[in-house]
Amino acid sequence: MRRNKQIDVKRALALAGTFNFLCCCARGCLLPFLTLYFRQLGLAPAMTGIIMGTKHLITLVWSPAASLLSKHYNKRRVVITGSLVCSAAVALVLLLIPPADMHMQTSTCNMSDLSSGPTQSLGGNPLTSSARPATSSTRTHLNADTAVVSQAVVTFPAKAPPDTTSAAVGTSRTSLYQHNEDTFNSQLPQENISVMVNKTFGVQKISDSKTHQITRSVAAPVRSKRSNFKSGSGEETREKRTEEEKKEVSSDFLGSLKVMDTQHQLFFLILIVVSVWETASAPLELTADDGLYEYLDYADASDRYSSTGLWGLLGAACGVGGAGLLVSQLNCLIAGQTPRSAVHFYCYAGVAALALPAATYLPLYLNKKRDRASGLLKAMQLVHGSPRALLCAVTTLLVGVAGSAVDNFLLWQMQDQGSSELHMGLSLALALLSQAAFPLLAGRVSKLLSPGRILTVGAASLGLQCFYYSFLWGPWAALPAQVLSCFSSGALWWAVKVQCEDVATPGAERSVRRIYGGLSLHLGSGLGSFAGGLVVQRFGQTWLFRGVAVGLMLWCVCLPLLQWKAPRQRRINYSRLLAADASEASDSESDQERDWLDKAMEDDRSNNNYGRRTNH
């Protein structure tokens, strides 16, 4: 960029705001609903937590590294464009992974639609749905019981007298089970055996004496065959099992993946795809952010850089609300085979494609004099050297852990209460809009509370939200708690911003703010995802939210005491020095100039007097 080129700051801010709006809108269409899609595929809560935690840790490590490399090789625009295209393409690959159970996917979709009452079943009549597994298991046992009996070409009566038929059937059943108690563990009802025998061998009436003779003739070969099976084939079966176990132990990773059940195969496939997806999308935000800030800093308009963050919140609210509204109007299956949750992925890819023209004309600038790696190290030293900054860092870390529980499993909790995508989308959109509204209240709140107390209020508000989420009772029950996001997320990040300005030296504010963001949004969310998945797997979503609420409340009780004990470090306010009274500076300068002139005049006078004396 040349010095004589005129810079249009308004145009640059408009392009940056549009790009930020579209990128956040694309993420809002998919990312809040991603864990819900994993649940529909059949993943367990612990598996979902591992996938989301891996996603956050990849962003924590790869995002600053990719941004640094793109700056070093001057490839920022290429990285931004490639990240948009590749992330949209890889996200669509997730749709190619089949679910573990197709019935589970349709049942979760039906569960979102059925919000009228608990009397409706997921698959139709609850009696028939509960009776089907019992019928299939009964048939399995009946087939196993009659495998040997089928060798005798006989026919049993369809309907015999109660006394003789029940005695014959009871005698035959006793003879079948007395030598094979380890194989047949349950005693089946007499009616099932008689019905099975009638259906299998046909219907023909015979006398009672013949029935006893047939029972004795069938029982004899049963004893011999069962005993031979137990003595001879049992050893062969054990040898085969031993050989199969040795083969499984000596097989490689791909071989072990083949013998896994469907759920674990699904887990590893999704983990690989999500890792590749996050690797492609992680450099986008940080690379565009650095290029835009350096552009505005070059134009002496870096103070207007923070206005682009508001467009990001508005874009995320539009994305999550619009996608939820759109998906809720569709049937569970589109065109008879595609689940309607796939629309989230299509919306993500479509909005990302709309952001490509804005990325082409996005204002970027390369300032090679700024070394962001050393800036991050210096920011870590500044945070480590201030006790109050360390308390703020611990608070943001705990908020990130708690926020991961809300991001990952709030929609699960809402779905269990009958909420559809419409309720979920509007609820999350209300939370984002409430967070964006806090700057309007920041002036009044700052007059009442100090930044340290506002930090405590923000963490306590998030704890109250989590405690409220554990008592949801209906589809719209989560809406009142979303208003608290104005004081939980909005107030907390405003207090973090003030803390960054107090701790950081001139030019290091963004680096310090990035340290806090990495602790909360990536490290805390990653650790919280791992732990939250295990808690939900063991105790359920309800106790996860209650545990998070109790932990935050305990920290909010300890935080004011620790802030009161922590020493306050006063730093030089450079803005006040620049705005100081010019008269003081002019007076000091005039005094210095006067002293310099007096000394020069005295030296001149002494030299002149010395010359006069020598002439005389």
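Conventions we followed
Residues numbered from 1 in each chain as written. Predicted model: local features only at pLDDT ≥ 70, side-chain atom pairs only at ≥ 80, totals over all residues. Heavy atoms only, no water. Helix = DSSP H or I, 4+ residues; strand = E, 2+ residues; numbered from the N terminus. Buried < 20%, exposed > 50% of the residue type's maximum accessible area, 1.4 Å probe, protein only. Contact = heavy atoms within 4.5 Å. Areas by Shrake-Rupley, 256 points an atom, 1.4 Å probe, with all protein chains shown as cover. Polar contact = N/O pair within 3.5 Å; in protein donor to acceptor, adjacent residues only side chain to side chain. Core = buried A, V, L, I, M, F, W, Y, C linked by side-chain atoms within 4.5 Å. Phe/Tyr/Trp six-rings, centres within 6.5 Å; stacked < 30°, edge-to-face > 60°. Lys NZ or Arg CZ within 6 Å of the ring centre and 35° of its normal. Patch = residues over 30% accessible without salt bridge, like charges linked within 9 Å, V, L, I, M, F, W, Y side chains within 5 Å. Salt bridge = Lys/Arg side-chain N within 4 Å of Asp/Glu carboxyl O. Expected span 1.5 Å × (residues − 1). Axes fitted to C-alpha atoms, helices over the stretch in contact; angles between N-to-C directions. Left-handed = near helix turned anticlockwise from the far one by under 90°. Nonpolar A, V, L, I, M, F, W, Y, C, P; charged D, E, K, R; others polar. Parallel < 35°, antiparallel > 145°, perpendicular 65-115°, else oblique. Disulfide = S-S within 2.5 Å. Bend = angle between axes of the 7 residues up to and from the residue.

1. Observations concerning the overall build of the protein chain
Here is step 1: Scanning the protein chain for helices and strands turns up 24 helices and 2 strands.
Here is step 2: Looking at the 616 residues of the protein chain, the share that counts as buried comes to 43%.
Here is step 3: Taking the contacts inside the protein chain whose residues are at least 6 apart along the sequence as the reference set, 86% of them involve residues at least 24 apart.
Here is step 4: Only carbon and sulfur atoms are counted for the fraction: they give 60% of the accessible area of the protein chain, which is about 34,300 Å².

2. With respect to unusual backbone geometry
Here is step 1: Unusually for a residue other than glycine, Asn74 sits at a positive phi of about 55°.
Here is step 2: Among the secondary structure elements, Asn74 is positioned in the loop between α3 (45-72) and α4 (76-93).

3. Digging into the side chain of Ser525
Here is step 1: Mapped onto the elements, Ser525 comes out in helix α21 (residues 509-538).
Here is step 2: At 3.1 Å, the side chain of Ser525 and the backbone oxygen of Leu521 are in polar contact.
Here is step 3: Leave out the neighbours within four places in its chain, and Ser525 touches His56, Gly400, Val401, Ser404 and Ser520.

4. Points about the environment of Leu30
Here is step 1: Considering the arrangement of structural elements, one finds Leu30 in helix α1 (residues 9-30).
Here is step 2: For the pair Leu30 and Ala323, spaced 293 residues apart in sequence, the C-alpha to C-alpha distance is 8.0 Å.
Here is step 3: Apart from the residues within four sequence positions on either side, Leu30 is in contact with Ala91, Trp277, His344, Phe345 and Tyr348.

5. Describing the nonpolar core
Here is step 1: Ranked by internal contacts, the top residues of the largest apolar core, which has 118 residues, are Phe19, Phe38, Leu94, Ile270 and Tyr516.
Here is step 2: No other element matches the 14 residues that helix α11 (residues 262-298) contributes to this core.

6. Let's talk about the side chain of Asn408
Here is step 1: Checked against the element boundaries, Asn408 lands in helix α15 (residues 387-416).
Here is step 2: On the basis of relative accessibility, which here comes to 2%, the residue Asn408 falls in the buried class.
Here is step 3: Side chain to side chain, Asn408 and Ser529 meet in a polar contact 3.0 Å long.
Here is step 4: When sequence neighbours within four positions are dropped, the list of residues in contact with Asn408 reads Thr35, Met52 and Ser529.

7. Details of the packing of aromatic side chains
Here is step 1: Tallied over the entire structure, the rule returns 11 aromatic pairs.
Here is step 2: Judged by centre distance (6.4 Å) and plane angle (75°), the rings of Phe438 and Phe487 are edge-to-face. Taken as a pair, Phe438 in helix α17 (residues 438-448) and Phe487 in helix α20 (residues 485-503) lie far apart in primary sequence, 49 residues in all.
Here is step 3: When its relative accessible area of 1% is taken as the criterion, Phe438 is described as buried.
Here is step 4: Plain terms: the ring middles of Phe438 and Trp494 are 6.2 Å apart, the flat faces sit at 65° to each other, and that makes the pair edge-to-face. Here Phe438 is found in helix α17, whereas its partner Trp494 is found in helix α20, with 56 residues between them in sequence.
Here is step 5: Judged by its relative accessible area of 23%, Trp494 is partly exposed.
Here is step 6: Of the aromatic side chains, those joined through ring pairs into one cluster are Phe438, Phe487 and Trp494.
Here is step 7: Positioned above the aromatic ring of Tyr293, the side-chain terminus of Arg510 is 4.1 Å from the ring centre.
Here is step 8: Its end group placed over the ring of Trp543, Arg546 keeps NZ or CZ at 4.8 Å from the ring centre.

8. Quick look at a nonpolar patch on the surface
Here is step 1: Together, Leu440, Leu441, Val457, Leu464, Leu484 and Phe487 make up an exposed nonpolar region whose accessible area comes to about 500 Å².
Here is step 2: Residue assignment for the nonpolar patch shows that the elements contributing at least two residues are α17 and α18 (451-469).
Here is step 3: Classification of Phe487 as partly exposed rests on a relative accessible area of 33%.

9. Comments concerning α1
Here is step 1: Taking 1.5 Å of rise per residue, 22 residues should cover 32 Å, and α1 covers 32 Å from first to last C-alpha, within 8% of that figure.
Here is step 2: With a side-chain oxygen lying 3.4 Å from the backbone nitrogen of Lys10, the N-terminal cap of α1 falls on Asp8.

10. A word on the environment of Val406
Here is step 1: In this structure, Val406 sits in helix α15.
Here is step 2: Distance from Val406 to Cys466, taken between C-alpha atoms, is 7.3 Å for residues 60 residues apart in sequence.

11. A short note on the packing of α3 against α11
Here is step 1: The interhelical angle for the contact between α3 and α11, taken along N-to-C directions, is 35°, at an axis separation of 7 Å. Considering only the axes of α3 and α11, their crossing is right-handed.
Here is step 2: For the contact of α3 with α11, a count of residues per class yields 14 nonpolar, 10 polar and 5 charged.

12. Considerations on the pattern of salt bridges
Here is step 1: Under the counting rule described, the total for this entry stands at 9 salt bridges.
Here is step 2: With a closest N to O distance of 3.5 Å, Glu294 and Lys71 form a salt bridge. You can see Glu294 sitting in helix α11 and its partner Lys71 sitting in helix α3, a full 223 residues away along the chain. Comparing Glu294 with Lys71, the two get one shared label, buried.
Here is step 3: Overlapping salt bridges, with partners in common, bring together Asp289, Asp290, Arg510 and Arg514 in one network.

13. Here we look at the packing of α15 against helix α22 (residues 541-565)
Here is step 1: Look at α15 against α22: their axes get within 10 Å of each other, and the N-to-C directions meet at 160°. The orientation of α15 relative to α22 falls into the category roughly antiparallel. By crossing handedness, the relation of α15 to α22 is classed as left-handed.
Here is step 2: Here the contact of α15 with α22 is built from residues that sort into 16 nonpolar, 5 polar and 2 charged.

14. A closer look at the state of the cysteines
Here is step 1: Scanning the model with the defined rule gives 0 disulfides in all.
Here is step 2: Just so you know, Cys318 is unpaired, no disulfide at all, and the nearest cysteine sulfur is the one on Cys25, 6.2 Å from it.
Here is step 3: A residue is classified by how much of its surface remains accessible, and Cys318, at 45% relative accessible area, is partly exposed.
Here is step 4: The structure places no disulfide on Cys556, whose sulfur is separated from the nearest cysteine sulfur, that of Cys558, by 9.4 Å.

15. Brief notes about α11
Here is step 1: Over its 37 residues, α11 extends 55 Å from the first C-alpha to the last, a length consistent with the 54 Å expected when each residue adds 1.5 Å.
Here is step 2: At Thr279, α11 is deflected by roughly 25°, the largest bend along its length, and proline Pro283 occurs up to four residues later in sequence.
Here is step 3: Of all 37 residues in α11, 26 are buried, a share of seventy percent or more.

Read these as geometric descriptors, not functional statements.
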